[in-house]
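# Structure assessment
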Amino acid sequence: MPLHLGPFVRWRSGLVLAWICLFSSGFTFIGGEHAVTVTHPLPAAFSDLLPHFLVEPDDVYIVKNKPVTLTCRSTPATQIYFKCNGEWVHQDQHLIERDVDPATGLPVMQVKIDISRQQVEKIFGLEDYWCQCVAWSTTGTQKSQKAFVRIAYLRKNFEEEPLGKEVALDQEILLRCHPPEGVPPAEVEWQRNDELIDPKTDPNFFITVDHNLIIKQARLADTGNYTCVAKNIVARRKSSSATVIVYVDGGWSEWSKWSPCGADCSMWRSRECTQPTPGTGGKECQGLDLQSLNCTSEQCPQTASGAEDVALYVGIVVVALCLTLLLIILVLVYRRKKEGLDADVADSSILTTGFQPMGIKPTKPGVWAPRRAARSKNSHLLTIQPDLTTTTTSYQGTLRSRHEVTGKFSMSNGPLLEPLPNGSHTLHNGKLPSDPNEFMNRLSSQTYFKTLPRDNVNTSYGTFNFLGGRLTLPNTGISLLIPPEAIPRGKIYEIYLTIQTKEDMRLPLAGCQTLLSPVVSCGPPGVVLTRPVILSMDHCSDACLENWAIRLKKQSYEGTWEDVLQLGEEVVSDPYYCQLEAETCRVFTEQLGRFALVGESLSMAAAKRLKLLLFGPAYCSTLEYNIRVYCMDDTQDLLKEVMQMERQLGGRLIDEPHVLLFKDSYHNLRLSIHDMPQAHWRSKLLAGYQEIPFYHIWSGSQRTLHCTFTLERQSLNTCDLTCTLCVWQVEGEGQSFTLDFNISKDIRPLDSDFLLMDNSTPALAGPSAFQIPYLIRQKICSSLDTPCPNGADWRLLAQRLKLDRHMSFLASKVSPTSVILDLWETQHFHSGNLNQLAAVMAEIGKQEAMIFLVSDGEC
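Computed from a predicted model, the values in this text were never measured in an experiment. (Residues numbered from 1 in each chain as written. Predicted model: local features only at pLDDT ≥ 70, side-chain atom pairs only at ≥ 80, totals over all residues. Heavy atoms only, no water.)

Further remarks concern the packing of helix α7 (residues 774-784) against helix α10 (residues 816-827). At a closest axis distance of 8 Å, the pairing of α7 and α10 adopts a crossing angle of 135°. The orientation of α7 relative to α10 falls into the category oblique. Regarding α7 and α10, the two cross each other, and that crossing is right-handed. Within the contact between the two elements, α7 uses Arg777, Ile780, Cys781 and Leu784 and α10 uses Thr817, Ser818, Leu821 and Asp822. Classifying every residue of the contact of α7 with α10 by side-chain character gives 4 nonpolar, 2 polar and 2 charged. (Axes fitted to C-alpha atoms, helices over the stretch in contact; angles between N-to-C directions. Helix = DSSP H or I, 4+ residues; strand = E, 2+ residues; numbered from the N terminus. Parallel < 35°, antiparallel > 145°, perpendicular 65-115°, else oblique. Left-handed = near helix turned anticlockwise from the far one by under 90°. Contact = heavy atoms within 4.5 Å. Nonpolar A, V, L, I, M, F, W, Y, C, P; charged D, E, K, R; others polar.)

See below:
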């Protein structure tokens, strides 16, 4: 009888070796102390058949700690075993059943093995756990399909939850939902008021492949609380409810018929606001519900006598004359005010309104006569000759910026320029509208501003003229500088600055593109500017332009986004220009509108800066303690948004923020927690780490992306928590937080207010908005704009301020020096030191350097 030697088997235990001896009439398995002999000879007609599988193992999921069973069945088979992740499973772990097919007489073998959670966790994170069945016959072997064994789970936190909305009747409603991460992936269903929504029975509902709910035409019955429900074989999670309110604006019915002519020679008609009746917060009908009309003499039941007619006509004439006279007076007053705005400024005090008056008498007419203050340590004095080509009066005051004056933010209720008795003019700071909501509603009523946010927290606005000013969104890094002479003389503009945070304002991104800045609006669009304004906003790129193609995008009137500039390829004749600093982008623009900075990586070395923030509950009375880890773009506006949101949730910052460079390597971000005292704390995380998908971070579309670690203490008396939390990109950079504090008595000064220290006034108009006094600015520009043979002009100033890259752009401007000073103002508004700028001027060798070095009492 011929002898066939089977494969050499190395068992997973690493010690047991076996020879598999196959015979045409049977086989014998020898392994250690085990010996199994099968005496079922194969029929001669089937002795050359390869085994085939009647049952192959399928993919399975381990739920909690319950083992799973894999089953395999083959014929004709003389032997059958499992191998998992490339290693043979020990024979003791197999449950083998043998049978004979009564129809063919062929041997049939079935094998089962159990897989535990501990077996899978041993290699978790390295590769997927898989098992495969191998069957032998006298002719050869066959392998089954691979069956993957995975640990099933479903995270608690939704990656995106639906948000409440208020919509008009018949409008489309979109409710977004991104379920928690889970294995197997969660199925999503929607509920309204805890009742299941079935699009098959109500076609007005539609659930997209991305699990979003669309209500095609909002009905009154669609008002309610909507919940996104995610479920898999492990658990069932519910999102926070989103309240949807469908409102109905009121509409008039037709007018009623005119009433009969009354005794007062008038008739009436009415209408009602019932087509439809306003409901669920809808607007009332606009206009009159009652209308009157004088009757003709034929219809009037009583007519006046001749004398009474004369008196009536005389009265009408008198009223008409009074109204005409009043109209003439109003026209004259309006023209006088307008002429006042267009007139040349005759009083030199308009140039120095940014300084604090000191009431010092001049020593000589028409000459500035500074004097030394008692506390001054400066010996430099300033003498400025008057401009004899205009009629001026002298002004006495200190040459310090109004940023040092206590009352620098006071605003007058009067016009920007009001006439003085002697015909000259004085300047007042621009005043904000008395009712902010009225200003916002007025803008929002225009077609282009339908998406303008109505909240005043993220919006600043003010009234400005040719003297310029500044708008700031505190704690966001966003500001708009309006330089002097940017607004034409005689014009007064109401200008706003706002940040867009709504989901429907997200930019359409493609490929490797990512949003690098907030979406910022300034306007109104279409206003005429004679010089570029400077829009400053944070960005989160690593500022390595060789790795990026960074574009400035602007939204058109039609709502589409267009590329208006690519950094490094600027054209000086274009109305846009950009300077990219380490963390800030400065946009020079002659057209107001909605802007955003979008980057496209040119290599895998391109990286975004992520801000990592850790929050915990300010007060914890349960055994569970949640640590929320935010991984967001490193911009101040997002930091402010997270801080405000955590304040509402009752959270507090539990460690200093860290910055992580996140590369375009397509690798996910992983988070794990370690080194907890096992006797007092345990993590409820099922896996060894949490993972945030790469595209969720890279797109920048999810503003407050975070994950939660749930820890459980053994007793309420346990309050000391020590652990290490690690955040890293797979095959990339990482950061770690070492936590050691008492969760009930944490007194470290790391509160939200610790990071939000910007107390800037949202709107400043006139000289108070600038560090450099207006008169000194004019002197610098007139001195440096003129080319100098030895190069001691604006070009040397640009070099000293490290603006060499922008020489072509600066040279294209009428006053290059003024543009340089505008940029200096934006960079040094909070920490500006005029003496530093004076030192630069001193290096250039100009006498103008001395005009900065004056003290509080010198003038």
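The rest of the description comes next.
Under the counting rule described, the total for this entry stands at 28 salt bridges. Between Lys553 and Asp563 there is a salt bridge whose closest N-O contact spans 2.6 Å. In this pair, Lys553 sits in strand β38 (residues 548-555) while Asp563 sits in strand β39 (residues 561-566), placing the two residues 10 residues apart along the sequence. On the basis of relative accessibility, which here comes to 9%, the residue Lys553 falls in the buried class. (Salt bridge = Lys/Arg side-chain N within 4 Å of Asp/Glu carboxyl O. Buried < 20%, exposed > 50% of the residue type's maximum accessible area, 1.4 Å probe, protein only.)

Turning to a nonpolar patch on the surface, a few remarks are in order. There is a patch of nonpolar side chains on the surface, built from Leu312, Tyr313 and Ile316 and spanning about 340 Å² of accessible area. Of the residues examined, Tyr313 reaches a relative accessible area of 53% and is grouped as exposed. (Patch = residues over 30% accessible without salt bridge, like charges linked within 9 Å, V, L, I, M, F, W, Y side chains within 5 Å. Areas by Shrake-Rupley, 256 points an atom, 1.4 Å probe, with all protein chains shown as cover.)

So, about the confidence of the model for the chain. Looking at the chain, pLDDT values average 76 and 75% of them are 70 or higher. Across residues 447-451, confidence stays below pLDDT 50; counting only partners more than four residues off in sequence or on other chains, it has 16 contacts. Here residues 853-859 is modelled with pLDDT under 50, and outside its nearest four sequence neighbours on either side it reaches 36 contacts, counting other chains as well. (pLDDT = per-residue confidence, 0-100.)

This part takes up unusual backbone geometry. The amide bond that connects Thr75 to the next residue, Pro76, takes the cis arrangement and shows omega of -15°. Relative to the helices and strands, Pro76 resides in the loop between β8 (68-75) and β9 (79-84). The peptide bond linking Gln275 to Pro276 adopts the cis configuration, its omega dihedral lying at 0°. Mapped onto the fold, Pro276 is located in the loop between β27 (266-270) and β28 (290-294). For Asp675, which is not glycine, the phi dihedral falls at a positive 60°. Assessed through its relative accessible area of 60%, Asp675 is described here as exposed.

Moving on, we come to the side chain of Lys553. Side-chain polar atoms of Lys553 contact the side chain of Asp563, separated by 2.6 Å. With residues up to four places along the chain from it excluded, the contact list for Lys553 reads Leu507, Trp561, Glu562, Asp563, Arg594, Phe595, Ala596 and Val598. (Polar contact = N/O pair within 3.5 Å; in protein donor to acceptor, adjacent residues only side chain to side chain.)

In terms of nonpolar packing, the biggest core is built from 72 residues, with Ile627 and Val629 touching the most fellow members. Residues within four places of Val629 in sequence aside, it is in contact with Leu613, Leu614, Leu671, Leu705, His706, Cys707, Phe709, Leu725 and Val727. By size, the runner-up hydrophobic cluster in this structure holds 31 residues, among which are Ile772, Leu796, Leu837 and Ile844. (Core = buried A, V, L, I, M, F, W, Y, C linked by side-chain atoms within 4.5 Å.)

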